[in-house]
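Commentary on secondary and tertiary structure
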Amino acid sequence: MEKFEIDIKWGSYFFIINTASTIFIALLMSLIDGRSLLYLSNFVIPVFIIQLFYFTVKAFKENNENGLSKGFRKFFVFIRLLIFYFFLVSFLNQTSSSDIRYNSLLFSYRRKDLSEFLIDENSSEDYVITLNDFLFMLKRKLRLIAEI
C-alpha cells in the first residue's frame, strides 16, 4: 500500500466515525433537553480532537509497518488526514439541500438557475440586429433621455 492510500483509508474512517458520533451526540443532547444544543460545540470539538489524534496514530502505525513514514514525515500524515477530512466536509456542504446555502471554505460555486437554459419556443423570429436597427434604437433612446 502507498502512503496516500493509507492516509485516505484512515481519513475516511475518521470522517465516518466523526459524522456518526456527532449525530449521536446531537440526538442524545436533544433528547435530554432542546436547549442543551446550544452547548453542542463544547462536546463535539473535544470528541473531534480525540478522534483526530486516534486515527492519526493508527495511520502512523500502518505507515511504519509498511516503511513509508520516517522522521519528520509523520507530521505530514496528520496534515493529509486533516485535509482529506475537510475535503469530504466541503463536498457535503456543496451537495446539501438546495434550500439552504452553505458556505464552503474550500470551494466556491455558482448555483445555476434553470431559467438560463430555457428557450422561448413561441418566438419564431430571429433576433438579428443590423447596424441600421442599432442606430435607430440608439437615436430613440437618446431622444427619450433628452426629453427627461
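Okay, so let's go over this structure. (Residues numbered from 1 in each chain as written. Predicted model: local features only at pLDDT ≥ 70, side-chain atom pairs only at ≥ 80, totals over all residues. Heavy atoms only, no water.)

Quick look at the overall build of the chain
For the record, the criterion: Note on conventions: DSSP H or I runs of at least 4 residues are helices, E runs of at least 2 residues are strands, and numbering of each starts at the N terminus. We call two residues in contact when some of their heavy atoms are within 4.5 Å.
When helices and strands are counted, the chain shows four helices and zero strands. When its helices and strands are written in sequence order, the chain yields α-α-α-α. Intrachain contacts of the chain at a sequence separation of at least 6 include 54% that bridge at least 24 residues.

Thoughts on helix H4 (residues 131-147)
Here is the rule: Take the residue count of a helix, subtract one, and multiply by 1.5 Å to get its expected span. Under the scheme applied here, a residue whose accessible area is under 20% of the maximum for its type counts as buried, over 50% as exposed, and between as partly exposed, the area being computed with a 1.4 Å probe on protein chains only.
Compared with an ideal rise of 1.5 Å per residue, which puts 17 residues at 24 Å, H4 spans 24 Å between its outermost C-alpha atoms and is within 8% of the ideal. Of all 17 residues in H4, zero are buried, a share of ten percent or less.

Brief notes about the side chain of Asn-18
As a reminder, the rule being used: Under this definition, polar contacts are N or O atom pairs within 3.5 Å; protein pairs additionally need one hydrogen-donor-capable and one acceptor-capable atom, and for neighbouring residues in sequence, both atoms have to be side-chain atoms.
By the element assignment, Asn-18 lies in helix H1 (residues 3-32). According to the relative accessible area criterion, Asn-18 is buried, its value standing at 2%. Only 3.0 Å separates the side chain of Asn-18 from the side chain of Tyr-85, close enough to count as a polar contact. With sequence-adjacent residues up to four places away left out, Asn-18 is seen in contact with Phe-48, Gln-51 and Tyr-85.

Comments concerning a nonpolar patch on the surface
Under the convention used in this document: A patch consists of residues whose relative accessible area exceeds 30% and which take part in no salt bridge; residues with like charges are grouped when within 9 Å of each other, and nonpolar side chains (Val, Leu, Ile, Met, Phe, Trp, Tyr) when within 5 Å. For the accessible areas, the method is Shrake-Rupley and the probe is 1.4 Å, while residue cover comes only from the protein chains on display. One speaks of a salt bridge when a side-chain nitrogen belonging to Lys or Arg is within 4 Å of a carboxyl oxygen belonging to Asp or Glu.
Residues Ile-129, Leu-131, Phe-134, Leu-135, Met-137, Leu-138, Leu-142 and Ile-145 make up a contiguous nonpolar surface patch of roughly 770 Å² in combined accessible area. Along the polypeptide, Leu-131 turns up in helix H4.

A word on the nonpolar core
Where we set the bar: In this description, a nonpolar core means a group of buried Ala, Val, Leu, Ile, Met, Phe, Trp, Tyr and Cys residues linked to one another through side-chain atoms lying within 4.5 Å.
The biggest cluster of nonpolar side chains holds 12 residues, and these are Ile-6, Trp-10, Phe-14, Phe-15, Phe-48, Leu-52, Phe-55, Ala-59, Val-77, Phe-78, Leu-81 and Tyr-85. Where this core is concerned, the elements lending two or more residues are H1, helix H2 (40-65) and helix H3 (73-94). Beyond its immediate stretch of four places on either side in the chain, Phe-14 contacts Phe-48, Gln-51, Leu-52, Phe-55 and Tyr-85.

Details of the pattern of salt bridges
Counted according to the given criterion, the structure contains two salt bridges. Across the pair Arg-80 and Asp-7 runs a salt bridge, and its minimum N-O distance is 2.2 Å. On the criterion of sequence distance, the pair formed by Arg-80 in helix H3 and Asp-7 in helix H1 is long-range, its members being 73 residues apart. As a salt-bridge pair, Lys-9 and Glu-62 come within 2.9 Å of each other at their nearest N and O atoms. Highlighted residues: Lys-9 in helix H1 and Glu-62 in helix H2, separated in sequence by 53 residues.

Here's the deal with H2
In this model, H2 (26 residues) spans 38 Å end to end at C-alpha, consistent with the 38 Å of a helix rising 1.5 Å per residue. Taken together, the buried positions of H2 are occupied by Val-44, Phe-48, Gln-51, Leu-52, Phe-55, Thr-56, Ala-59, Glu-62 and Asn-63.

Notes on the packing of aromatic side chains
Put simply, the test is: Centres within 6.5 Å make a pair out of two Phe, Tyr or Trp rings, where for Trp the six-membered ring is used; the pair is then stacked when the planes are under 30 degrees apart, edge-to-face when over 60, and tilted otherwise.
Evaluation of the coordinates by the stated rule reveals nine aromatic pairs. Taking 5.3 Å as the distance between ring centres and 50° as the angle between the ring planes, the aromatic pair formed by Phe-48 and Tyr-85 counts as tilted. Here Phe-48 is found in helix H2, whereas its partner Tyr-85 is found in helix H3, with 37 residues between them in sequence. Cluster of aromatic residues (ring-pair linked, three or more members): Trp-10, Tyr-13, Phe-14, Phe-15, Phe-48, Tyr-54, Phe-55, Tyr-85 and Phe-86.

Brief notes about the environment of Tyr-13
Turning to its location among the elements, Tyr-13 is positioned in helix H1. The exposure class assigned to Tyr-13 is partly exposed, which follows from its relative accessible area of 39%.

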